[in-house]
Every structure is written in structure tokens, then in C-alpha cells.
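Below are the chains, spelled out letter by letter.
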Amino acid sequence: EITFESTTVEVTGDNTGLVTGNVSFLGATTEMTLEVTWNGEMARPWNAEEVVSGFHATGSLDIADLGLDRAIQFGLGPMVDNERPAFSASPGCSS
């Protein structure tokens, strides 16, 4: 399981920002900053009281920081770009 827990959010524009947090994988943790664009929000079609927001986020991390040095031998990394073209967040969710 890979997890990301945000620690700071910096607003950089009307719909953009930088979200910094900790990425954890197999017991190792490293800091990562994501460039985030807010795409908007809408109510769920099956529950108008539940509103969700959509985002686009990109970022890069050095897999060696997560203890995956051996993966480099197999052609992965050392830098891995991550792009989450669309994900949603609703109140009370964790990143």
C-alpha cells in the first residue's frame, strides 16, 4: 500500500496550489510536493447532499528515497513521475 498524507497546502492561483506531504511505502517515508489544479465540484447523482471536488495532480519522487534502489537495476527510476489526471475528495476523506 502506498499512502500520501498532506502536511501543507499553498494556494498559488484561483484553482491551483502546491500540496506537500509524506509518501509512505513498505515502511519508508519521504516528502513529496504535488502541483494541484482544482477542476470543480458537483453533487453525486445518487445523493445530492454529498458534494465532491475533482482535482488533477502531478509530482515526481526519487524511488531510492523509499528504499527501492534495486528497482533501478530493472529499469525503473530513479525518478518516477506521477500524474493523477482525476481524483475526487469529499469531506472527511484522507489522501
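This text gives an overview of the structure that appears in the document. Please read these numbers as outputs of a predicted model, since none were measured by experiment. (Residues numbered from 1 in each chain as written. Predicted model: local features only at pLDDT ≥ 70, side-chain atom pairs only at ≥ 80, totals over all residues. Heavy atoms only, no water.)

Comments concerning the overall build of the chain
Step number 1: A count of helical and extended segments in the chain gives 1 helix and 5 strands.
Step number 2: Here the chain holds 95 residues, and 25% of them are scored as buried.
Step number 3: When the accessible surface of the chain is totalled, it reaches about 6700 Å², and 51% of it is carbon and sulfur. (Helix = DSSP H or I, 4+ residues; strand = E, 2+ residues; numbered from the N terminus. Buried < 20%, exposed > 50% of the residue type's maximum accessible area, 1.4 Å probe, protein only. Areas by Shrake-Rupley, 256 points an atom, 1.4 Å probe, with all protein chains shown as cover.)

What about the pairing of strand 1 (residues 2-11)?
Residues in a regular strand project their side chains so that they alternate between the two faces of the sheet.
Step number 1: As judged from the 9 bridges shared by strand 1 and strand 2 (residues 16-25), these two strands associate in the antiparallel manner. Bridging across to strand 2, Thr8 finds its partner in Thr20.
Step number 2: Linking strand 1 back to strand 2 in an antiparallel pair, the connection comprises 4 residues. (Pairing = 2+ DSSP bridges.)

Structural notes on the nonpolar core
Step number 1: Counting 13 residues, the largest nonpolar core has Phe4, Val23, Met32, Leu34, Val36, Leu61 and Leu66 as its most contacted members.
Step number 2: Breaking this core down by element, the ones donating at least two residues are strand 2, strand 3 (28-44) and strand 4 (47-62).
Step number 3: For this core, the element with the most residues is strand 3, which contributes 4 residues.
Step number 4: Residue contacts for Val36: discarding those within four places in its chain leaves Asn15, Thr16, Gly17, Val19, Phe55, His56 and Ala57. (Core = buried A, V, L, I, M, F, W, Y, C linked by side-chain atoms within 4.5 Å. Contact = heavy atoms within 4.5 Å.)

Description of the pattern of salt bridges
Step number 1: A complete count under the given rule lists 1 salt bridge for this structure.
Step number 2: Residue Glu50 is joined to Arg44 by a salt bridge in which the shortest nitrogen-to-oxygen separation is 3.0 Å.
Step number 3: The exposure class assigned to Glu50 is partly exposed, which follows from its relative accessible area of 28%. (Salt bridge = Lys/Arg side-chain N within 4 Å of Asp/Glu carboxyl O.)

Brief notes about the side chain of Thr20
Step number 1: Within the secondary structure, Thr20 sits in strand 2.
Step number 2: Among the polar contacts made by the side chain of Thr20, one reaches the side chain of Thr33 at a distance of 3.0 Å.
Step number 3: In this structure Thr20 touches Phe4, Ser6, Thr7, Thr8, Glu31, Met32 and Thr33, once residues within four positions along its chain are discounted. (Polar contact = N/O pair within 3.5 Å; in protein donor to acceptor, adjacent residues only side chain to side chain.)

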